[in-house]
Amino acid sequence: MKQRHISDWLKSRIGFITILVALLWAKTQMANIMDFRLYEGASIVQWLTLLINPIPIAFLLLSIALYFKSSKLFYPISLLIYIVNVVLIQLNVIYYREFTDFMSVSVMLGYDKVNQGLGASGLALSSFHDIFFWLDIVVLLILVIFKKVRLNAQTVATFKAFSVTSFAMLASMLVLMVSEMERPQLITRQFDSKMLVKYLGLDTYTVFDAIRARNVSELKSSAKTSDIDKVRQYIKKHNVPANAKYAGIAKGRNVFVIHLESTQQFSIDHKIDGQAVTPFLNSIYHSKDTIAFDNFFNQVGQGKTSDAENLLETSTFGLPQGSLFATQGSDHTFQAMPSILKQTLGYSSAVFHGNNASFWNRNNVYKNMGYQYFFDASYFDTSGDKATGYGLKDKLLFKDSIPYLERLQQPFYAKYITVTNHFPYSLDQEDKDPNFHTTNSGSSVVDGYFETNHYMDQSVEEFFRYLKKSGLYDNSIIVLYGDHYGISNSENKYLAPLLGKNADDWNANDNAQLQRVPFMINIPGYNKGFIDHTYGGEIDVMPTLLHLLGVENTEKYVQLGQDLLNPKRSQVVATRDGDVITPKYSYVNSVIYDNKTDKPVESPSQSLQDYMDKARDKAKEQLSISDSVTQKDLLRFYTPKGFKPVDAKDYNYSNGLNKLKKLEKDRGKNSRDLYTINGDKSTQSLYKTDAPEQNKPRSNTSRIQQVNPDQGDTSESDDKPNP
Ligand code: GP9
Ligand code: MN
């Protein structure tokens, strides 16, 4: 009796769409397991969302069909929705096999510059289990042809259809909520396509991506060629030339850019019970060979690390919402440091980063920036405890980068993105320095922060030691910078007493002043170093560096910052949300603060009010010029004289080491890589680290997933120095 009841229900229309939902669920799981491999390394919440997320959205979409009463409409519409979903899964599966990434809407529509369609034909990328994506549809078709299916004429009452839709909507919201709780700003930042699919599923990812693509393309198509004129006028008015005292003092040298993850200026020189947190960085900070800055602010928005990279290497801001890298980076015109240095002074370029290449869409963005090599997690052994959730531990990243670094043609521009000092700042016991005792602040975040800071400091020290031993040090400059805050405003009250402040009267200006991050330029042998107190930010780095390296005629590039070493510069620092910091006063949330007392100025004089209003207008102008450049992709309309636009298709980040070796061979005696200069011998043995994980064999467990989007799974690749 009961069985009969179920089979009757299955024959009903709601039963029919439930079957389709179940099939979609099964197909999604097949793809999740066999192709996207999303369950590997997933957290418990991610397991849950992966299991559940196909259901509500499928019900939501299929419930649309329930509103059509005629069976001639209901069945074809529900099947159409079903088939479109299956096509979406199948397309993504094929795309993933080639690019290890999900298909964005611009790729589907053929707009994407980096991945124009599939590199290999779809057929060559198909796999046996793909049959199961289609088998049921074929069977159904046969049954229809042989008239073996009977359509159920019994319609579903509109209120019932409505309750299915509402219930599905509610469940979708729930998944969204849980995901946002686990990964705050998952949707607004859209930092990782893989993460979005893990939490929200393929359909929702595609919908969000379509909205993103639409917004981008609307803004882009609203752009007029003449918009760039306004930008050029702005630059003409605001550009400050190189200071003759410093122009070209680092000419011809290699550049190391060391991205100190989440590092704030307060850690520099900070002591806990008399013990320095970052003793090595302190020594660099005070060195006679270093030009350091103590009023240097991060200017990132939701794009965090990616915004910092963009600010530093293009001298434009990130977007008002979301990340420029993630939302527009695949199809964006950059005139960035790597390409400018290559074209003006013959620099080669590389990024070393122990996380997945897809994070922040770097695999696509770096190509548009003209980076020649990208050594991401797939180039390193990140198994077991060698990595944290954000990638290879810093000590190992620096050490394991040497086989690649020593093959790079000099002069080079090499960026190292560290990750160990990343929220939640939990260091494995084995990586803790037994001689370092952290705070007891009442916040595990703050206490952990100092420990990971200390670890990062040691990792940089080990790297410097290698640079000195290998001889690279003397013909290089090393730029160190913190990308953004590590301690969020909500935790700052625990920090306050450690910084000699009262937690009870901590205010918005205290938060704003804490956005200082380290910025130091270490120039070995310079001997005239100092700590510069000028007020500036990340947007000012590119003009400063280009001048130090001796690039001329820099006024032709679209750079919105000003050389930090030219005293004629303005000292108005804009934050991404429009607050303003100047040396004496700040404008935070529309309140003027006196920086000396950190208190609001109760009744500002007319002249102070005018001064601050002017400063705010200045900041607003800089931000709005930046937004028009980035959102409308204006650089596609303007190519500086002598600059060749970057073609992303010239770059591919697979087999990086083989490519370097080939170049070295082709150049023979003229090859300018360290390996050749060292008499065709590796310098790896010069590297000393105390990392406890260094000699552990590769294991099968991983805290991150290792894939190179340009080559798929590289676990079989021979392109690794230490297999
Ligand atoms: C990820 C790392 C972290 O690869 O750079 O980015 P964040 O969360 O700091 O923006
Ligand atoms: Mn970061």
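Since the model is a prediction, treat every value here as computed from it, not as a measurement.

The rules behind the values
- Residues numbered from 1 in each chain as written.
- Chains lettered and ligands numbered in written order.
- Predicted model: local features only at pLDDT ≥ 70, side-chain atom pairs only at ≥ 80, totals over all residues.
- Heavy atoms only, no water.
- 1 Å grid on protein atoms, 1.4 Å probe; cavity = no way out; pocket = protein on both sides within 12 Å on 5 of 7 lines; lining within 4 Å.
- Points joined across faces, edges and corners; volume = space filled by probe spheres on them.
- Helix = DSSP H or I, 4+ residues; strand = E, 2+ residues; numbered from the N terminus.
- Patch = residues over 30% accessible without salt bridge, like charges linked within 9 Å, V, L, I, M, F, W, Y side chains within 5 Å.
- Areas by Shrake-Rupley, 256 points an atom, 1.4 Å probe, with all protein chains shown as cover.
- Salt bridge = Lys/Arg side-chain N within 4 Å of Asp/Glu carboxyl O.
- Buried < 20%, exposed > 50% of the residue type's maximum accessible area, 1.4 Å probe, protein only.
- Domains from an automatic or database assignment.
- Near = heavy atom within 4 Å.
- Polar contact = N/O pair within 3.5 Å; in protein donor to acceptor, adjacent residues only side chain to side chain.
- Nonpolar A, V, L, I, M, F, W, Y, C, P; charged D, E, K, R; others polar.
- Pairing = 2+ DSSP bridges.

Moving on, we come to the layout of surface pockets. In this structure, the second largest pocket occupies an estimated 900 Å³ of space. In terms of lining residues, the second largest pocket is bounded by 28 residues, among which Phe 16, Tyr 75, Leu 140, Val 149 and Leu 151 are the most central. Elements with a minimum of two residues in the lining of the second largest pocket: helix H1 (2-11), helix H2 (13-35), helix H5 (71-99) and helix H7 (131-145). Looking at the lining of the second largest pocket element by element, the count peaks at seven residues for H5.

Further remarks concern a nonpolar patch on the surface. Side chains of Phe 128, Ile 131, Phe 132, Leu 135, Val 139, Leu 143, Val 144 and Val 149 sit close together on the surface and give an oily, nonpolar patch of about 700 Å² of accessible area. Tracing the sequence through the fold places Val 139 in helix H7. Take Val 139: its relative accessible area is 41%, and that puts it in the partly exposed class.

The next thing to look at is the domain arrangement of the protein chain. Taken domain by domain, the protein chain consists of domain 1 (2-219) and domain 2 (227-251 + 261-269 + 278-350 + 419-433 + 444-462 + 481-649). Centre-to-centre, using C-alpha coordinates, domain 1 lies 42 Å away from domain 2.

Taken as a whole and assessed by the stated rule, the structure comprises 28 salt bridges. Of the charged contacts, one joins Lys 386 and Asp 381 as a salt bridge, the two residues approaching to 2.6 Å between their closest N and O atoms. A residue is classified by how much of its surface remains accessible, and Lys 386, at 5% relative accessible area, is buried. Members of the salt-bridge network, linked through shared partners, are Asp 385, Lys 393, Asp 428, Glu 430, Asp 431, Glu 693, Lys 696 and Arg 703.

With that out of the way, let us pick up the site of ligand 1. As a structural note, the neighbourhood of ligand 1 is formed by eleven residues, with Glu 261, Thr 305, His 353, Arg 362 and His 422 the closest of them. Asn 355 is positioned such that a nitrogen or oxygen atom in its side chain is 2.9 Å from an oxygen atom of ligand 1. Take Trp 360: an N or O atom from its side chain is 3.1 Å from an oxygen atom of ligand 1. Broken down by class, the residue content of the shell around ligand 1 amounts to two nonpolar, five polar and four charged.

Moving on, we get to the pairing of strand E17 (residues 585-588). Relative to E17, strand E16 (residues 580-581) runs antiparallel, the two sharing two bridges. Residue Ile 581 lies in a different strand from E17, and its bridge partner there is Ser 586. Linking two consecutive strands that pair antiparallel, namely E16 and E17, is a turn of three residues. Relative to strand E18 (residues 591-594), E17 runs antiparallel, the two being bridged by four bridges. Within the sheet, the bridge partner assigned to Ser 586 lies in E18 and is Tyr 593. The antiparallel pairing of E17 with E18 creates a hairpin that spans two residues between the two strands, and Asn 589 there sits at a positive phi of about 50 degrees.

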